[in-house]
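Here are the chains, one letter per residue:
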Amino acid sequence: SSGDLTATGRGFNQNANITGGNISVIMTMTDLSGDPGSITMADGTTTSGGSIVYNAATDVALSTLSSSGTVDVTADSDSDGTGAISDNLTSRWYWI
C-alpha cells in the first residue's frame, strides 16, 4: 500500500510485510480483559515507510524496520516496569 497506516488495539501480531507512508502501531492494555498490549513481528517480516511508531504497553519483538523518516519504538508505555524490546530475527544481517 502507499498510504498511511494506523493500528490500535490490545495486541498486534505482524505476519506479513507492511509498506506504506507513515506507520503507527499503538497497543494498550485494557482493564476488563487484561490482554497484553504487545507487538510481535514474525521473523523475517519488514515494516518500511516514512515515519514508523511502534508503541506497546508491554513487549515489542522486532524483525526489520526501514524508514525514510524517524523510527520510535517504545515498550512498557504503561510504565509498570514489565516491557522489553527484543530482536525477533533468526538471521543477523544488519543494514544501516
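The preceding data block contains the structure.
Here's the deal with the overall build of the chain
- Broken down by element type, the chain carries zero helices and 11 strands.
- Starting at the N terminus, the α and β elements of the chain follow one another as β-β-β-β-β-β-β-β-β-β-β.
- When burial is assessed residue by residue, the chain has 31% of its 96 residues classed as buried.
- Pairs at least 24 residues apart make up 40% of the contacts formed inside the chain by residues separated by at least 6 positions.

Re the nonpolar core
- Judged by nonpolar contacts, the single largest core of 14 residues is most densely connected at F12, V25, M27, I39, Y54 and V60.
- V25 has contacts with A7, F12, I39, V53, Y54 and N55, leaving out every residue within four places of it along the chain.

As for the environment of D43
- Counting through the fold element by element, D43 comes out in the loop between β5 (38–41) and β6 (46–49).
- Assessed through its relative accessible area of 39%, D43 is described here as partly exposed.
- With 46 residues separating them in the primary sequence, D43 and L89 have C-alpha atoms 4.9 Å apart.
- For D43, the contacting residues outside a window of four places in its chain are S63, N88, L89 and T90.

Thoughts on the sheet that holds strand β10 (residues 71–74)
- If you walk across this open sheet you meet the four strands as β1-β4-β7-β10, and the pairing is parallel. The open sheet has two free edges, formed respectively by β1 (5–9) and β10, since each of these has just one partner strand. On average, each strand axis in the sheet is inclined to that of its neighbour by 5°, with strand direction left out of account.
- Both strand β7 (residues 52–56) and β10 contribute to a ladder of four bridges, which runs parallel. Its bridge partner being in β10, V53 is matched across the sheet by D72.

A few points about the pairing of strand β4 (residues 23–27)
- The alternating pattern of β4 places I23, V25 and M27 on a buried face and S24 and I26 on a face that is not buried.
- In the sheet, β4 pairs with β7 via five bridges, with the strands oriented parallel. Residue pairing for β7: V25 is matched across the bridge by Y54.

Describing the side chain of Q14
- Following the sequence through the fold, Q14 ends up in strand β2 (residues 11–14).
- Among the polar contacts made by the side chain of Q14, one reaches the side chain of Y54 at a distance of 2.7 Å.
- The residues contacting Q14, other than those within four sequence positions of it, are T40, M41, A42, T45, T46, T47 and Y54.

What counts, and where the lines are drawn
- Residues numbered from 1 in each chain as written.
- Predicted model: local features only at pLDDT ≥ 70, side-chain atom pairs only at ≥ 80, totals over all residues.
- Heavy atoms only, no water.
- Helix = DSSP H or I, 4+ residues; strand = E, 2+ residues; numbered from the N terminus.
- Buried < 20%, exposed > 50% of the residue type's maximum accessible area, 1.4 Å probe, protein only.
- Contact = heavy atoms within 4.5 Å.
- Core = buried A, V, L, I, M, F, W, Y, C linked by side-chain atoms within 4.5 Å.
- Pairing = 2+ DSSP bridges.
- Axes fitted to C-alpha atoms, helices over the stretch in contact; angles between N-to-C directions.
- Polar contact = N/O pair within 3.5 Å; in protein donor to acceptor, adjacent residues only side chain to side chain.

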